[in-house]
Each structure stands twice: as C-alpha cells, then as structure tokens.
Amino acid sequence: GTVGANKNSIKIIGDDTDLYAQGYFVYDSKKSGAMTTSHLRFGKQPIRAPYLIRQASFVACHQFQFLEKMDVLEAAAPGAVFLLNAPHAKDAVWDALPREIQQTIIEKKLRFFAIDANAVAKATGMGTRINTIMQTCFFAISGVLPRDLAIEAIKKAIKKTCGKRGEDVVRRNFEAVDQTLVHLHEIAVPGKA
C-alpha cells in the first residue's frame, strides 16, 4: 500500500505541477508489517539522483513502534517536517515519544505533525490500510499543490487505482481522504525533552 500510494504521489506531482519527480523504494521481501522506506524527490530541475536521500525536508513514520527500533529522524534536515502516525490523542503524543526522538525534534527544530491514521482507517471502513490517509497528510502539509487540487488529484488516482475493485472500495477511500484533515494536528514542540 505505501509504495503504491507514493508512486501515485510521484505521478500526481509530475502530472499536476511543473515539477520534476522521482521515487525510489527500499522494502523488505516480507512486505506486510515490514519496513518500507520511500525516497521521493521533486523540484524545478530534472532529477538525476540514483542514490538515497541523506537530508530529507519531510520525514513520515507510518508505524509508531519504529520509533523504538531505529533512528527514523536520522535523515531529517534541520527545519524539516516530521509526520507521525501515532495511536495517541494530540495532547498526549509528545509525552509518548521516546526521549531521543523528542531531543532530535527539538535540536533539529522540526515541525511535528501527528495523526491517528489507524483510527481514521477503522472509522472509514479501511481496516488497517492507512496509505491513503498518510498520502493525504503529506499533500496537506507539504504544500506542493493547493489542498483542494491535491485532494482532487488523490481522489482521481484512487478512482483509477481502486476502481476495478468496486464502488464501495472507492467510496471508503474517498471517506478516508475526507476525514483525514480533521484528525491531522500540528504538535507544539516544547523547549526541552
């Protein structure tokens, strides 16, 4: 799901903006439940970068438990955006973070956003599929497209990608997109961990 959603994001950026776009994916052969890392680049110049991103302006972590297993913010550039799928209320997310993650957010002066994408997925009939929800968050935060145009483009991609699976699948995905922004929150970063 994540690779497919990110491929759609690259297509949206490439088709609906004047930006060049590139995606590179690193994932485990086990797939379900394993870690996938997506390296997405976009900019005004042609992209000829066959290497992994070392300084990211946007980092998203789709599984909260990865915070304990690896340094998810290692590649975050100073002042970058960090988006986290967190199973906590917006006023409890900061205290639930490992201290090292808090310290990195503060030191790198990251903008921090959180959503309980699993709750949104469950409430909209998506089960455990959060890729559309996290994709919507990326476009809402990044500003690469105006929000309305981004949502329209996401829904167009959903229709194309999921249309063969039936109108109910498309409807549930649309509902997930529509519910996402209500549940996306920028988290105030305190001065110390």
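As a starting point, this report considers the structure included with it. (Residues numbered from 1 in each chain as written. Predicted model: local features only at pLDDT ≥ 70, side-chain atom pairs only at ≥ 80, totals over all residues. Heavy atoms only, no water.)

Examining the overall build of the chain
Logical step 1: Of regular secondary structure, the chain possesses 8 helices and 6 strands.
Logical step 2: Its helices and strands taken in sequence order, the chain reads α-β-β-β-α-β-α-α-β-α-α-α-α-β from the N to the C terminus.
Logical step 3: Here the C-alpha radius of gyration of the chain, 16 Å, is about what a compact globule of 193 residues would show, namely 16 Å.
Logical step 4: Its C-alpha atoms give the chain principal-axis dimensions of about 50 × 40 × 35 Å.
Logical step 5: Across the 193 residues in the chain, those meeting the buried criterion constitute 42%.
Logical step 6: Pairs at least 24 apart in sequence give 58% of the contacts found in the chain among residues at least 6 apart.
Logical step 7: For the chain, the exposed area adds up to about 10,900 Å²; of that, 51% sits on carbon and sulfur atoms.
Logical step 8: Across the chain, the 26 positively charged side chains and the 19 negatively charged ones have centroids separated by 5 Å. (Helix = DSSP H or I, 4+ residues; strand = E, 2+ residues; numbered from the N terminus. Rg over C-alpha atoms; globule rule 2.2 N^0.38 Å. Buried < 20%, exposed > 50% of the residue type's maximum accessible area, 1.4 Å probe, protein only. Contact = heavy atoms within 4.5 Å. Areas by Shrake-Rupley, 256 points an atom, 1.4 Å probe, with all protein chains shown as cover. Lys, Arg positive; Asp, Glu negative; His and termini not counted. Charge placed at Lys NZ, Arg CZ, Asp CG, Glu CD.)

Remarks on the nonpolar core
Inside soluble globular proteins, nonpolar side chains tend to come together where they are buried.
Logical step 1: Core analysis: the largest hydrophobic core is formed by 33 residues, its most contacted members being Ile-12, Leu-83, Ile-115, Ile-133, Phe-139, Ile-141 and Leu-184.
Logical step 2: Take this core: its biggest share by element is 7 residues, from helix H6 (residues 131–142).
Logical step 3: When residues no more than four places from it in sequence are discounted, the contact partners of Ile-12 are Thr-17, Gln-135, Phe-139, Leu-145, Ala-153, Ile-154 and Ala-157.
Logical step 4: Residues Cys-61, Ala-80, Leu-97 and Ala-114 belong to the second largest nonpolar core, which totals 23 residues. (Core = buried A, V, L, I, M, F, W, Y, C linked by side-chain atoms within 4.5 Å.)

A few points about helix H7 (residues 147–162)
Logical step 1: Over its 16 residues, H7 runs 22 Å from end to end, which matches the ideal 22 Å to within 8%, given 1.5 Å per residue.
Logical step 2: All of the buried residues along H7 are Ala-150, Ala-153, Ile-154, Ala-157, Ile-158 and Cys-162. One face of H7 carries all of its buried residues, which in axial projection span an arc of 145°. Counted as exposed and oriented over 90 degrees from the buried face of H7: Asp-148, Glu-152, Lys-156 and Lys-160. (Expected span 1.5 Å × (residues − 1). Arc of directions from axis to C-beta.)

Things to note about the sheet that holds strand E5 (residues 111–115)
Logical step 1: Read from one edge of the open sheet, 4 strands run E3-E4-E5-E6, paired in mixed fashion. Of all strands in the sheet, those bounded by a partner on one side alone are strand E3 (56–61) and strand E6 (185–187). The average undirected angle you get between the axes of adjacent strands in this sheet is 25°.
Logical step 2: Pairing between E3 and strand E4 (residues 76–85): 5 bridges, direction parallel. Looking across to E4, one finds that Val-59 is bridged to Phe-82.
Logical step 3: On top of the sheet, H6 reaches E3, E4 and E5; it is set at about 145° to E4, its chief contact. (Pairing = 2+ DSSP bridges. Axes fitted to C-alpha atoms, helices over the stretch in contact; angles between N-to-C directions.)

Some details on the side chain of Gln-135
Logical step 1: Positionally, Gln-135 belongs in helix H6.
Logical step 2: In contact with Gln-135, not counting residues within four places along its chain, are Ala-5, Asn-8, Ser-9, Ile-12 and Ile-154.

Re helix H4 (residues 99–107)
Logical step 1: Buried within H4 are the following residues: Ile-101, Gln-102, Thr-104, Ile-105 and Ile-106.
Logical step 2: In the stretch just after H4, Lys-109 is the one whose phi turns positive, near 55°.

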